[in-house]
Amino acid sequence: MRHEINDIINPHSESLWSRAYDYLMLMAIVMSIVPLMFRAHHSIFYIVELVASALFIIDYVLRWVTADLHSRLSGWRAFAVYPFTPMALVDMLSILPTFNVLGQTFRVARVSRLLRLLRVVKFIRYFEPLEIILAVIHRQRRILWTVFSLALFYIFITALIMFNAEEPINPETGDYLFPTFFDAFYWAACTLTTVGYGDIYPISGIGRVISILSSIVGIAVIALPSGIMTAGYIDELRARKENKVKKEG
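Reference entry: report on the structure contained in this document. None of these values were measured; they are calculated from a predicted model. Just so you know, the residues in each chain are numbered from 1, in the order the chain's sequence is written. Local features in this predicted model are restricted to residues of pLDDT 70 or higher, and side-chain atom pairs are both shown and tallied only at a pLDDT of 80 or more, whereas totals for entire chains, interfaces and linings draw on every residue. To obtain the side-chain values, all non-hydrogen atoms of the structure were included, while hydrogens and water were left out.

Quick word on the overall build of the protein chain
1) Next: Secondary structure follows DSSP: runs of H or I at least 4 residues long count as helices, runs of E at least 2 residues long count as strands, and numbering of each begins at the N terminus. Regarding its fold elements, the protein chain presents twelve helices and zero strands.
2) Next: In sequence order, the protein chain lays out its α and β elements as α-α-α-α-α-α-α-α-α-α-α-α.
3) Next: Here the C-alpha atoms of the protein chain give a radius of gyration of 25 Å, more than 25% beyond the 18 Å that 2.2 N^0.38 yields for 249 residues.
4) Next: Taken over the C-alpha atoms alone, the protein chain extends approximately 75 × 55 × 30 Å along its principal axes.
5) Next: Among the 249 residues that make up the protein chain, the fraction classed as buried is 31%.
6) Next: Counting contacts in the protein chain only where the partners sit at least 6 residues apart, residues at least 24 apart contribute 64% of the total.
7) Next: What sets the accessible areas is the Shrake-Rupley method with a 1.4 Å probe; for residues, cover comes only from the shown protein chains. Carbon and sulfur atoms make up 69% of the accessible area of the protein chain, which amounts to about 16000 Å² in all.
8) Next: Counting 23 positive and 20 negative side-chain charges, the protein chain places the averaged centre of each group 7 Å from the other. Two things to know: the radius of gyration comes from C-alpha atoms, and the globule rule equals 2.2 Å times the number of residues to the power 0.38. A simple rule labels every residue: compare its accessible area, found with a 1.4 Å probe on the protein chains alone, to the largest value its type can have, and call it buried under 20%, exposed over 50%, or partly exposed in between. Contact between two residues is taken to exist if any of their heavy atoms lie within 4.5 Å; hydrogens are not considered. For the purpose of counting charges, residues Lys and Arg are taken to be positive, whereas Asp and Glu are taken to be negative. His and the chain ends are not included. Taken as the charge centre is NZ of Lys, CZ of Arg, CG of Asp or CD of Glu, depending on the residue.

Dropping the structure here:
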């Protein structure tokens, strides 16, 4: 029976019961997040919370009792280690608010609502595209880290140049254009990503030239991880398809 349960709760399994289980848990996650979109507390939200949490508890227990079947460890070690695995911790923390385990002080601090946001992380388990993206990030982590480091370095250099090259005072307001280096760093990050909130901007000719160059380079830097992720996603899909064919064959 434990093997049958493991086949059902195993995400992305091809069995009908497993797919139905995935859809049920995805629905429970979505419904439990909906109340976080409202300030008011309605009675229906309380019922939804109880039903969703009941499903989360059942899921947690089933995964614990079958821990040795989906773990690299065997025997009692699998059962002892499972509660401390990342996804098991997320499951437990997302359940805690329902039982009012936290004291009143923490509830006032809205920690309870923040813990419920952890349920979004549970999407990774049941929503295969997110799992594939995480697999791609893990596989391409060195290249992505290099691109990320390059972007941070360029933001730092651009912010340093702008902080010292731009006029210090805005003649229209009489205030500093960049009161601190962090403001210049914030401007450089917005410019590199071509966000452009418009709350901080250069006014001198040299500052605008720096801004133009930063925007042009930003387009190239931002395009690098996009291409890496796209190629990695396609490779991951192809590899999973080949593994699936091998298993069926």
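Moving on, there is more to tell.
Some thoughts on the packing of helix H1 (residues 2-9) against helix H2 (residues 16-33)
1) Next: It is at 7 Å that the axes of H1 and H2 come closest, and there the two elements cross at 55°. The pairing of H1 with H2 is recorded here as oblique in orientation. Contact with H1, carried on its side by Asp7, Ile8 and Ile9, involves Trp17, Ser18 and Tyr21 of H2 and no other residues of that element.
2) Next: Within the contact of H1 with H2, the residues separate by chemical class into four nonpolar, one polar and one charged. Lines fitted to C-alpha atoms define the axes here, with helix axes fitted over just the stretch in contact, and angles between the N-to-C directions of these axes take values from 0 to 180 degrees. For classification purposes, an angle smaller than 35 degrees is called roughly parallel, one larger than 145 roughly antiparallel, one from 65 to 115 roughly perpendicular, and anything else oblique. Throughout this entry, Asp, Glu, Lys and Arg are counted as charged residues, while Ala, Val, Leu, Ile, Met, Phe, Trp, Tyr, Cys and Pro are counted as nonpolar. The remaining residues, Gly among them, count as polar.

Digging into the nonpolar core
1) Next: Put simply, buried Ala, Val, Leu, Ile, Met, Phe, Trp, Tyr and Cys residues joined by side-chain atoms within 4.5 Å make one nonpolar core. Core analysis: the largest hydrophobic core is formed by 17 residues, its most contacted members being Tyr21, Met25, Ile29, Phe56, Tyr60, Tyr82 and Tyr126.
2) Next: For this core, the elements supplying multiple residues, two or more each, are H1, H2, helix H3 (43-65) and helix H5 (86-95).
3) Next: In terms of residues, this core owes the most to one element, H2, which gives six residues.
4) Next: The contact partners of tyrosine 82, leaving out residues within four places of it in the chain, are Tyr60, Arg63, Trp64, Ala67, His70, Ala88, Asp91 and Arg125.
5) Next: Counting 13 residues, the second largest nonpolar core, distinct from the first, contains Ile155, Ala184, Ile200 and Val221.

Here's the deal with a nonpolar patch on the surface
1) Next: A cluster of nonpolar residues, Ile44, Tyr46, Ile47, Leu50 and Val51, forms a patch on the protein surface that exposes about 500 Å² of accessible area.
2) Next: Among the structural elements, isoleucine 47 can be located in helix H3.
3) Next: Classification of isoleucine 47 by relative accessible area gives partly exposed; the value is 48%. Only residues above 30% relative accessible area that lack a salt bridge enter a patch, with like-charged residues linked at up to 9 Å and the nonpolar side chains Val, Leu, Ile, Met, Phe, Trp and Tyr linked at up to 5 Å. The rule for a salt bridge is simple: a side-chain nitrogen of Lys or Arg has to be within 4 Å of a carboxyl oxygen of Asp or Glu.

A few points about the environment of isoleucine 29
1) Next: Along the chain, isoleucine 29 falls in helix H2.
2) Next: We classify isoleucine 29 as buried; its relative accessible area is 0%.
3) Next: Placed 112 residues apart in sequence, isoleucine 29 and arginine 141 show a C-alpha to C-alpha distance of 29 Å.
4) Next: Setting aside chain neighbours within four positions, we find isoleucine 29 in contact with Phe56, Arg119, Lys122, Phe123 and Tyr126.

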